[in-house]
2 protein chains.
Amino acid sequence: MKGKNKPTSVDIAHLAGVSQPTVSRALRDSPLVSLETRKRVQRIARELNYKVDVNARNLRSQRTNTLALLLFEDSDEHEAFINPFFLSMLGSITRASAQHGYDLLISFQQLSDDWNAEYEDANKADGIIFLGYGDYPSYIERISKLDQEGAHFVTWGPVIKDQPGLFIGSDNELGGYLAADHLIRMNHTRIAFLGDQSNDYPEFRDRYAGYCRAHAEHGLEVDPRLRVNAFFSEECGYKAAHQLAMSGVEFTAISCASDLIAIGAIKALREHGLRVPRDKAIVGFDDIPTAEHLAPSLTTIQQDTFAAGQALVESVIRSINGEPAKSILLPTRLVVRDSSGAKVQIKQ
Amino acid sequence: MKGKNKPTSVDIAHLAGVSQPTVSRALRDSPLVSLETRKRVQRIARELNYKVDVNARNLRSQRTNTLALLLFEDSDEHEAFINPFFLSMLGSITRASAQHGYDLLISFQQLSDDWNAEYEDANKADGIIFLGYGDYPSYIERISKLDQEGAHFVTWGPVIKDQPGLFIGSDNELGGYLAADHLIRMNHTRIAFLGDQSNDYPEFRDRYAGYCRAHAEHGLEVDPRLRVNAFFSEECGYKAAHQLAMSGVEFTAISCASDLIAIGAIKALREHGLRVPRDKAIVGFDDIPTAEHLAPSLTTIQQDTFAAGQALVESVIRSINGEPAKSILLPTRLVVRDSSGAKVQIKQ
DNA sequence: TTGTAGGCGTTATCAA
DNA sequence: TTGATAACGCCTACAA
């Protein structure tokens, strides 16, 4: 039933001998309609292959039942490359929004765009989910504006006290702690950390904070020379590990701020004639699908993408409905594989 | 500017002292409006933070400027697991549709749904892109109906003569040929093939057909005992390779119908004490992101996801606009890595 | 070059 | 429980 003569609710009203609003109500299972009328209307609707026109409905009701997912890639790498961790998130967000009866509009975010204008103001979506942000300070600035405008949105990112807007994120401090703690328990005392510590990525800073706490708890000093900047990508990890190896600073293990960094680091170490885990132990962060297939398989900190997707979707919807919603910190957990030199699988 | 008092084109008309249609025209840069008027209108629109309400526009114009991407997962595996190859496709489709000025609605397809009713009839989207189909015969049946209804859609899948609808797909026969040819040139004569040959997955059949052609061209017999059924997943590959190893049929190499199958196969071989590529050479199909990070890195057939995304999007749009569109076969190419035992990198 | 009138297909409001 | 009427915000004639 496409094109020319699509049935409208008026057609149905005509055939069913009722008023048009009655049709609307019957199809929406509103209790304001008698069972008999409802059945008659529903039958005719089915026969005619009738579908509510969402544009008309949205126009009238000023609601779209649609969420927008804006993905921002920090890396300028390959045009086609998407952070695999985000891809996992995307899957769970898609499922969660379907579960809640929302359609999902997806788009790659341009930092230059006026997000709210593009989506909420244009009535394309009732709310926005942000996945990835350029650098935190300027993102916060933009968000504050959105917030004042009364926009409905959530961000996957660092959960920090008193930040504007709504954030869902992993407990990065805990993750960093678990990674370092694991290595320390394997008798490593010279553990490098690969990850940016500028204000741009608070999540990386938290991971390092956890690393420091683990050291403190075990009575170990933190050597600042063991920390090397690296952003998300494999290439950054490669460079950072190379730099570390060249620096002459002694180390026996590396805690990486992302799995991609770990992948790059392993590659760099290999080129320096260092084997993982024999010569150096490695722990990653994220648990991307590739992690378990790497050689050696990557010990890493797993983020709960399933819970994340659920929380993100439920939070925007809450916000849309004007219900109270607060930022959520999701637990992280250690997944032990081969790269850290541990043979023991931690269960669960 | 959210909620209560969003400006409408009428407001602007009022402020600018013109009629409402003039506002529409000015904002659309229609030549029917004087430069002065246009500027005045545009300024006011900007000041008020005005945005066209897409629902109103769509309702009026009966067009949504939106594409629906329906993803179907064949595997019943982990709820959260999505075929990594599809994820790559998703990325390129998202980019392509943005480039063409279309929004993208994404959803996981339920085989039970009435796709067209859900999207096109409801005026949520102008057209549909299908990624993945359950089994081919029943899919074709459904598609035929869609086609008769005059729906606008494309499918990523096998390009077969005289099939209804519009298909974009890789040259699977060529891919299968390249894989087998590569192995034969490495002096393998006993090459197994892991991949389903039922009517459900014509793509796998084509890959096997290419395998057979390569054998024929090199004057080799095809031993049917070397072919073992396997669907997409790692688990299937694992089982198939296990079965193969247990069968006692002699082989020195395996051509797998997907990279996931190859991953499972390598795992199985390893458990049988067989090393790749020392004992058995392996070639995959897809070139998923993980492929290059596997141990050993996976020689595989690359599908051009970038071109695929472009072609899919352009084809639906063509179809929507009533322009002629035909199915497209995209070239595949061999990517030589370690698992096939070749050290030589083929360039380009 | 600008304005007027009407309708796209719903849902909300109110009265019956 | 149902029905009449009026929006929702825009766009396309057509008239001025």
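Cut-off values and rules
Residues numbered from 1 in each chain as written. Chains lettered and ligands numbered in written order. Predicted model: local features only at pLDDT ≥ 70, side-chain atom pairs only at ≥ 80, totals over all residues. Heavy atoms only, no water. Near = heavy atom within 4 Å. Polar contact = N/O pair within 3.5 Å; in protein donor to acceptor, adjacent residues only side chain to side chain. Helix = DSSP H or I, 4+ residues; strand = E, 2+ residues; numbered from the N terminus. Nonpolar A, V, L, I, M, F, W, Y, C, P; charged D, E, K, R; others polar. Least-squares fit on C-alpha atoms with pLDDT ≥ 70 in both. Contact = heavy atoms within 4.5 Å. Salt bridge = Lys/Arg side-chain N within 4 Å of Asp/Glu carboxyl O. Pairing = 2+ DSSP bridges. Core = buried A, V, L, I, M, F, W, Y, C linked by side-chain atoms within 4.5 Å. Buried < 20%, exposed > 50% of the residue type's maximum accessible area, 1.4 Å probe, protein only. Right-handed = clockwise from strand over helix to strand, strands pointing away.

*Asks:* Run through the protein's contact with DNA strand D, naming residues and quoting values.
*Replies:* Around DNA strand D sit 26 residues in total, of which Arg25(A), Ser9(B), Ser24(B), Tyr50(B) and Arg60(B) are the nearest. Backbone atoms, meaning sugar and phosphate, make up 61% of the atoms of DNA strand D lying within 4 Å of the protein. The contact in question runs from a phosphate oxygen of DNA strand D to an N or O atom on the side chain of Tyr50(B), over 2.4 Å. Separating a phosphate oxygen of DNA strand D from a backbone N or O atom of Asp53(B) is a distance of 3.4 Å. Of all elements in the fold, only α2 (20-27) and α4 (54-61) of chain A together with α2 (20-27) and α4 (54-61) of chain B reach the threshold of two or more residues within the surface near DNA strand D. With four residues, the top contributor of residues to the surface near DNA strand D is α2(B). Classifying every residue of the surface near DNA strand D gives nine nonpolar, 10 polar and seven charged.

*Asks:* Quick rundown of the relation of the copies chain B and chain A? Include the residues and the values.
*Replies:* Mapping chain B onto chain A is achieved by rotating through 180° and translating by 0.0 Å along the same axis, at an RMSD of 0.3 Å. The relationship between the two copies is best expressed as a two-fold rotation axis. Taken together, the interface assignments show that 100% of the residues at the interface of chain B recur at the interface of chain A, consistent with an identical surface on both copies.

*Asks:* For the interface of chain B and chain A, give the residues involved together with the corresponding values.
*Replies:* Each side of the interface is counted separately: chain B has 46 residues, and chain A has 46 residues. Summed over the shared surface of chain B and chain A, the number is two salt bridges. As a salt-bridge pair, Asp103(B) and Lys124(A) come within 2.9 Å of each other at their nearest N and O atoms. Linking chain B with chain A are 13 residue pairs in polar contact (both at pLDDT 80 or more). When residues of the side of chain B that touches chain A are traced back to their parent elements, those giving at least two are α4, α5 (84-99), β2 (103-108) and α6 (115-121) of chain B. Broken down by element, the side of chain B that touches chain A gets its largest block of residues, six residues, from β2(B). In terms of residue class, the side of chain B that touches chain A is built from 20 nonpolar, 14 polar and 12 charged. With three bridges joining them, strand β2 (residues 103-108) of chain A and β2(B) adopt antiparallel strand pairing.

*Asks:* An account of the protein's contact with DNA strand C is requested, with residue identities and associated values reported.
*Replies:* Near DNA strand C you find 26 residues, and of these Gln20(A), Ser24(A), Arg25(B), Thr37(B) and Arg60(B) are the closest. In this structure, Ser24(A) approaches DNA strand C through a side-chain N or O atom, which is 2.5 Å from a phosphate oxygen. Between DNA strand C and the protein, one listed contact pairs a phosphate oxygen with a side-chain N or O atom of Thr22(B) at 3.2 Å. Of all the secondary-structure elements, those providing two or more residues to the surface near DNA strand C are α2 and α4 of chain A together with α2 and α4 of chain B. In terms of residue count, α2(A) provides more of the surface near DNA strand C than any other element does, four residues in total. Broken down by class, the residue content of the surface near DNA strand C amounts to nine nonpolar, 10 polar and seven charged.

*Asks:* Before we move on, could you go through the pattern of salt bridges and cite the residues and values that matter?
*Replies:* Scanning the entire structure with this criterion turns up 28 salt bridges over all chains. The salt bridge involving Arg213(A) is made with Glu173(A); its shortest N-O contact spans 2.7 Å. With Arg213(A) in helix α9 (residues 202-217) and Glu173(A) in helix α8 (residues 172-185), this residue pair connects regions lying 40 residues apart in the sequence. Residues joined in a network through salt bridges with shared partners are Asp103(A), Glu118(B) and Lys124(B).

*Asks:* Could you give an account of the sheet that holds strand β6 (residues 191-194) of chain A, naming the residues involved and the relevant values?
*Replies:* Residues and elements named next belong to chain A. The strand order across the open sheet built from four strands is β7-β6-β8-β9, with neighbouring strands paired in parallel fashion. Strand pairing shows two members of the sheet lacking a second neighbour, β7 (227-228) and β9 (281-283), which therefore form its edges. Where β6 meets β7, two bridges bridge the pair, whose relative direction is parallel. The residue bridging Leu-194 from the neighbouring strand is Val-228, located in β7.

*Asks:* Kindly report on the nonpolar core, identifying the contributing residues and their values.
*Replies:* By size, the foremost hydrophobic cluster in this structure holds 154 residues, and its most contacted members are Trp156(A), Leu194(A), Trp156(B) and Leu194(B). By size, the runner-up hydrophobic cluster in this structure holds 34 residues, among which are Tyr119(A), Tyr119(B), Ile128(B) and Ile143(B).

*Asks:* An account of the sheet that holds strand β7 (residues 227-228) of chain B is requested, with residue identities and associated values reported.
*Replies:* Overall, parallel pairing links the four strands, which are arranged β7-β6-β8-β9 (chain B) in an open sheet. The two strands at the open ends of the sheet, each matched to only one other strand, are β7 and β9 (281-283) of chain B.

*Asks:* I'd like a description of the pairing of strand β8 (residues 253-256) of chain A, backed by residues and values.
*Replies:* Residue and element names in this part refer to chain A. Alternating residues of β8 divide into Ala-253 and Ser-255 and Ile-254 and Cys-256, and every residue in both groups is buried. Relative to β8, β6 runs parallel, the two being bridged by four bridges. In the strand pairing of β8, Ile-191 is matched with Ala-253. Where β8 meets β9, three bridges bridge the pair, whose relative direction is parallel. Looking across to β9, one finds that Ala-253 is bridged to Ala-281. Tracing the backbone out of β8, into helix α11 (residues 259-271) and back to the parallel element β9 gives a crossover that is right-handed.

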